[in-house]
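Chain by chain, the residues run as shown.
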Amino acid sequence: MKIHEKYIKRCIQIGKNGLGNTAPNPMVGCVIVHDHKIIGEGFTSPYGGPHAEVNAINNVKKTHLLPESTLYVTLEPCSHYGKTPPCSDAIIKSKIPKIVIGTMDTHHAVAGKGIQKLKTFGCEVVVGVLEEEVKAHHKRFFTFHNKKRPYIILKWAETADGFIAPTTRDEQKPVWITNKLSRQLVHKWRAQEQAILVGTRTVIEDNPSLTTRDWYGKNPIRVVLNKNNRLPQEVAILDGKATTILISLANKTQNAETHDQMELTHQSAMTEFINWDLKDKIAHQICSTLYKHDINSVIIEGGRQTLQTFIDENLWDEARVFKGALNFSSGTKAPHFSGRLLSEEKIINDTLKFYNND
């Protein structure tokens, strides 16, 4: 089993190369081993391309060794046709006799069918190696399919005295609490996740672009809550530089009245309508909308009200909180939450803390 763990660890390591590109597919890693030597490696291609197992098989130069090799993979090989043929078919065709799998795929289209197919064709299959580590690696994928919502990351920056915004913003717009390196790191995170979400007030007060302009990588899908259709037409999130979804939060009558207007005025963005009712769990409704759009991870980077809404409905998986060196003395207090502190690090004069929602 120790040998199996060694190669599954390598699968997790190379699977991370797909972070930010494979969604909504999982970022699977795969290695092929012959006589204790890796002869092929692969990770999932950007969405629509070959999966990890196919890439690993195609990277094997001495293909005559495949019938004597073991394939290691983080997630159960698929057995159905999607944008690509089944990975289990490629394994069977290559006559690889033994497959070691980190964990079973809970997606309804797979869910043990890939394992059964491999066994039916005579393959030896081992399942459940470093399973908890593998599930953590595939946390976005499993959250999406098991909980029917995206993996949710809360992110904010607060001052040393616990404020996320000053009383007034006359001098600077937006108001920066953290240093340039911290802000660059946030852009890296944006490139790694499928979407980013902010509220109406954040757009009106800060006019953010929500892009990865300070980091190499694709822009996330921009999701903006447009409460009572208050967004101006000239805001940066309507510049067409990234896919943008406006979620209209209004009562049923208002949504009916503004539907045609928004279709005409917000042509650079898709529009979804949620009937606003303070008695309803609005964050749950937002998550249902994101699930409908196949979004499996989202950074909530809104103001206090937006962040607190997700916290109060217990709809978050991790929080990343920056604490800067500034003091505001007054203003908008940081969200109130409780979570398990995982780690913290210094970024020059900023402190970054990571929390889990256990």
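All values derive from a computational prediction rather than experimental measurement. (Residues numbered from 1 in each chain as written. Predicted model: local features only at pLDDT ≥ 70, side-chain atom pairs only at ≥ 80, totals over all residues. Heavy atoms only, no water.)

## Some remarks on helix α7 (residues 180-192)
As a reminder, the rule being used: Helix numbers and strand numbers start at the N terminus; a helix is a DSSP run of H or I with at least 4 residues, a strand a run of E with at least 2. Given a helix with a known number of residues, its expected span is that number minus one, times 1.5 Å. Think of it in three bands: residues with accessible area under 20% of the maximum for their type are buried, residues over 50% are exposed, and the middle band is partly exposed, with areas taken using a 1.4 Å probe on protein chains only. Residue contacts follow a heavy-atom distance rule, with two residues in contact if any of their heavy atoms lie within 4.5 Å. Polar contacts, as counted here, are pairs of nitrogen or oxygen atoms within 3.5 Å of one another; within protein the pair requires one atom able to donate a hydrogen and one able to accept it, and residues that are adjacent in sequence qualify only if both atoms are side-chain atoms.
In this model, α7 (13 residues) spans 19 Å end to end at C-alpha, consistent with the 18 Å of a helix rising 1.5 Å per residue. Those residues of α7 not exposed but buried are S182, R183, L185, V186, H187, W189, R190, A191 and Q192. Looking at the packing, one finds that the buried side of α7 touches β6 (151-158), β8 (195-198), β12 (297-300), β13 (318-323), β15 (340-347) and β16 (350-356). You can read the cap of α7 off the contacts: a side-chain oxygen lies 3.1 Å from the backbone nitrogen of L181, and it is on N179.

## Some points on the sheet that holds strand β4 (residues 98-103)
Where we set the bar: Pairing between two strands is assigned when DSSP locates at least 2 bridges connecting them. Helix axes use the C-alpha atoms of the stretch in contact, all axes being lines fitted to C-alpha atoms, and the angles between their N-to-C directions lie in the range 0 to 180 degrees.
In spatial order, the strands read β2-β1-β3-β4-β5; together these 5 strands make up an open sheet with mixed pairing. The sheet is open, and its two edges are formed by β2 (37-43) and β5 (124-127), each paired on a single side. Along the sheet, successive strands turn relative to each other by an average axial angle of 15°, direction set aside. As paired elements, strand β3 (residues 70-75) and β4 share 5 bridges and run parallel to each other. In the strand pairing of β4, T70 is matched with K98. This element, helix α4 (residues 113-120), spans β4 and β5 of the sheet and lies at about 150° to β5.

## Brief notes about the pairing of β6
Most of β6 sits inside the fold, with 8 of its 8 residues counted as buried. Covered by surrounding structure in β6 are Y151, I153, K155 and A157 together with I152, L154, W156 and E158, the residues of both alternating faces. In terms of strand pairing, β6 meets β12 through 4 bridges, oriented parallel. Counted as the bridge partner of I152 is V298 from β12.

## Section: α4
Since the α-helix advances by 3.6 residues per turn, residues separated by three or four positions end up pointing in the same direction. Stated formally: Arc, as used here, means the arc of the directions from the helix axis to the C-beta atoms.
Considered for burial, the residues of α4 that qualify are G114, I115 and L118. Each buried residue of α4 lies within a common arc of 100° when the element is viewed along its axis, so the set occupies one face. Turning to α4, the residues buried within the fold contact α3 (87-93), β4 and β5.

## A few points about the pairing of β2
Sheet analysis places strand β1 (residues 29-34) next to β2, joined by 6 bridges and oriented antiparallel. When the sheet's bridge partners are listed, G29 is paired in β2 with F43.

## Some points on empty space enclosed by the protein
Short version of the rule: Think of a 1 Å grid over just the protein atoms. A cavity is a set of points where a 1.4 Å probe fits yet cannot get out, a pocket is an open set with protein on both sides within 12 Å along at least five of seven lines, and lining residues have an atom within 4 Å of a point. Grid points are joined across faces, edges and corners, and a volume is the space filled by probe spheres set on the points. Note on residue classes: Ala, Val, Leu, Ile, Met, Phe, Trp, Tyr, Cys and Pro are nonpolar, Asp, Glu, Lys and Arg are charged, and everything else, Gly too, is polar. Note that the domain bounds were set by an automatic or database domain assignment.
Per the stated rule, a full pass over the model turns up 1 cavity of 30 Å³ or more. Taken as a whole, the largest cavity encloses approximately 130 Å³ of empty space. Along the wall of the largest cavity there are 18 residues; nearest its centre are T22, N25, M27, R140 and N296. No other element matches helix α6 (residues 139-147), which puts 3 residues into the lining of the largest cavity. Grouping the constituent residues of the lining of the largest cavity by class yields 5 nonpolar, 10 polar and 3 charged. Mapping the lining of the largest cavity onto the domain boundaries places at least three of its residues in each of domain 1 (1-143) and domain 2 (149-252 + 263-356).

## Some points on the nonpolar core
Rules: Residues enter a nonpolar core if they are buried and are Ala, Val, Leu, Ile, Met, Phe, Trp, Tyr or Cys, with the set joined through side-chain atoms within 4.5 Å.
With 31 residues, the main nonpolar core has I152, L154, L197, I286 and F310 as its most contacted residues. Of all the elements in the fold, those that place two or more residues in this core are β6, β8, β9 (221-227), β10 (244-250), α10 (282-292), β12, α11 (304-312) and β13. Looking at which element gives the most residues to this core, the answer is α10, with 5 residues. One finds Y151, I237, F322 and L352 within the second-largest nonpolar core, a separate group that totals 24 residues.

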